[in-house]
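Chains, contacts and geometry: an overview
Spelled out from the first residue to the last, the chains are:
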Amino acid sequence: MTPAGSAGSAVSPAEIARGIVDASLYMVLATADAEGRPWSSPVYFAHLECREFLWVSSPQAAHSRNIALRPRVGIAVFDSSAAIGTGQGVYMSALAEPVAGPPDIERAMEVFCHRSLLHGGRAWTPDDVNPSSGLTLYRAVADGHWILAKDGGPDHRIPVDLI
């Protein structure tokens, strides 16, 4: 799916991270409720520059209710079909919120719709994500990115500068 940064590879950590995000359809969104109980949800996503991540969800979904209480989230994007011991992922910390109001909703929906169509999904419009539709467009802005170090040492992450 993506370059793994194997020995002898000249692929930079940033290129590895971008490749994984670009090739993936789903991200795992990690949230916590008011008591701190964790909840993770796979969601189809679109992104801008591997920094702003967009998805559509019901505001009644557990992860959406958690974001309303605790907007700090974790995100993981990875190839779940990789052979054992060879996988690579991108791990992010982010601040999540519903996308609200023009012009933000139009710009974000254009990005989401474009990626949806590329992957065989439907065209989305701002009318699809309003209170009467039962769906909301969300965004998470990443403030840190990491990938797994493939340096032969114990399992650990290294920071990636994508901003």
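Before any of the text, the structure's been laid out above.
Summarised in this report is the structure supplied together with it. What you see is a predicted model; the values in this text were computed from it and never measured.

Next up on the list: the overall build of the protein chain. Check the secondary structure of the protein chain and you find 3 helices and 8 strands. Counted from the first residue to the last, the protein chain has its helices and strands arranged as α-β-β-β-β-α-β-β-α-β-β. Relative to the compact-globule value of 15 Å for 163 residues, the protein chain shows a C-alpha radius of gyration of 16 Å, a close match. A principal-axis box enclosing the C-alpha atoms of the protein chain has dimensions of 55 × 40 × 25 Å. Within the protein chain, the proportion of its 163 residues that are buried is 40%. Approximately 8700 Å² of the protein chain is accessible, and the part contributed by carbon and sulfur atoms is 58%. Positive and negative side-chain charges of the protein chain, numbering 12 and 17 respectively, have mean locations separated by a distance of 5 Å.

Aromatic rings considered in pairs are described by the distance between their centres and by the relative angle of their planes. For the structure on display, the rule yields 5 aromatic pairs. Centre to centre, the rings of Y44 and F112 are 5.7 Å apart; their planes meet at 80°, and the pair counts as edge-to-face. With Y44 in strand β2 (residues 38-44) and F112 in helix α3 (residues 104-118), this residue pair connects regions lying 68 residues apart in the sequence. Considered together, Y44 and F112 belong to a single accessibility category, that of buried residues. Consider the rings of F45 and F53, whose centres lie 5.8 Å apart with planes at 50°: the pair is tilted. Both residues of the pair, F45 and F53, belong to the buried class. Following the ring pairs from residue to residue traces out a cluster consisting of Y26, Y44, F112 and W124. A cation over an aromatic ring shows up here: R157 above the ring of Y91, its NZ or CZ 3.8 Å from the ring centre.

Buried residues of helix α1 (residues 13-23): A14, I16, A17, I20 and V21, and no others. The buried residues of α1 occupy one face: seen down the axis, they fall within an arc of 160°.

Our next topic: the side chain of D33. The residue D33 is located in the loop between β1 (26-32) and β2 in this model. Accessibility expressed as a relative area gives 13% for D33, which makes it buried. If near-sequence neighbours (up to four positions away) are discounted, D33 is found in contact with N66 and R70.

Next up on the list: helix α2 (residues 62-69). Side chains of residues three or four places apart in an α-helix project in the same direction, reflecting 3.6 residues per turn. Three or more residues of α2 are buried, namely H63, S64, N66 and I67. Within α2, the buried residues cover an arc of 160° as seen down the axis, which keeps them to one side. Those residues of α2 that are exposed and aimed more than 90 degrees away from the buried face are A68 and L69. Here the buried face of α2 lies against β1, β2, β4 (52-57), β5 (72-78), β6 (89-98) and β7 (136-148).

Counting 26 residues, the largest nonpolar core has M27, F53, W55, V73, I75 and V77 as the members making the most contacts within it. Ranked by residue count, the leading element in this core is α1, at 5 residues. Setting aside anything within four residues of it in sequence, one finds F53 in contact with V21, M27, F45, A46, H47, I75, M92, Y138, R139, A140 and A142. Formed by 14 residues, the second largest nonpolar core is a distinct cluster that contains Y44, V56, A108 and F112.

What counts as what
- Residues numbered from 1 in each chain as written.
- Predicted model: local features only at pLDDT ≥ 70, side-chain atom pairs only at ≥ 80, totals over all residues.
- Heavy atoms only, no water.
- Helix = DSSP H or I, 4+ residues; strand = E, 2+ residues; numbered from the N terminus.
- Rg over C-alpha atoms; globule rule 2.2 N^0.38 Å.
- Buried < 20%, exposed > 50% of the residue type's maximum accessible area, 1.4 Å probe, protein only.
- Areas by Shrake-Rupley, 256 points an atom, 1.4 Å probe, with all protein chains shown as cover.
- Lys, Arg positive; Asp, Glu negative; His and termini not counted.
- Charge placed at Lys NZ, Arg CZ, Asp CG, Glu CD.
- Phe/Tyr/Trp six-rings, centres within 6.5 Å; stacked < 30°, edge-to-face > 60°.
- Lys NZ or Arg CZ within 6 Å of the ring centre and 35° of its normal.
- Arc of directions from axis to C-beta.
- Contact = heavy atoms within 4.5 Å.
- Core = buried A, V, L, I, M, F, W, Y, C linked by side-chain atoms within 4.5 Å.

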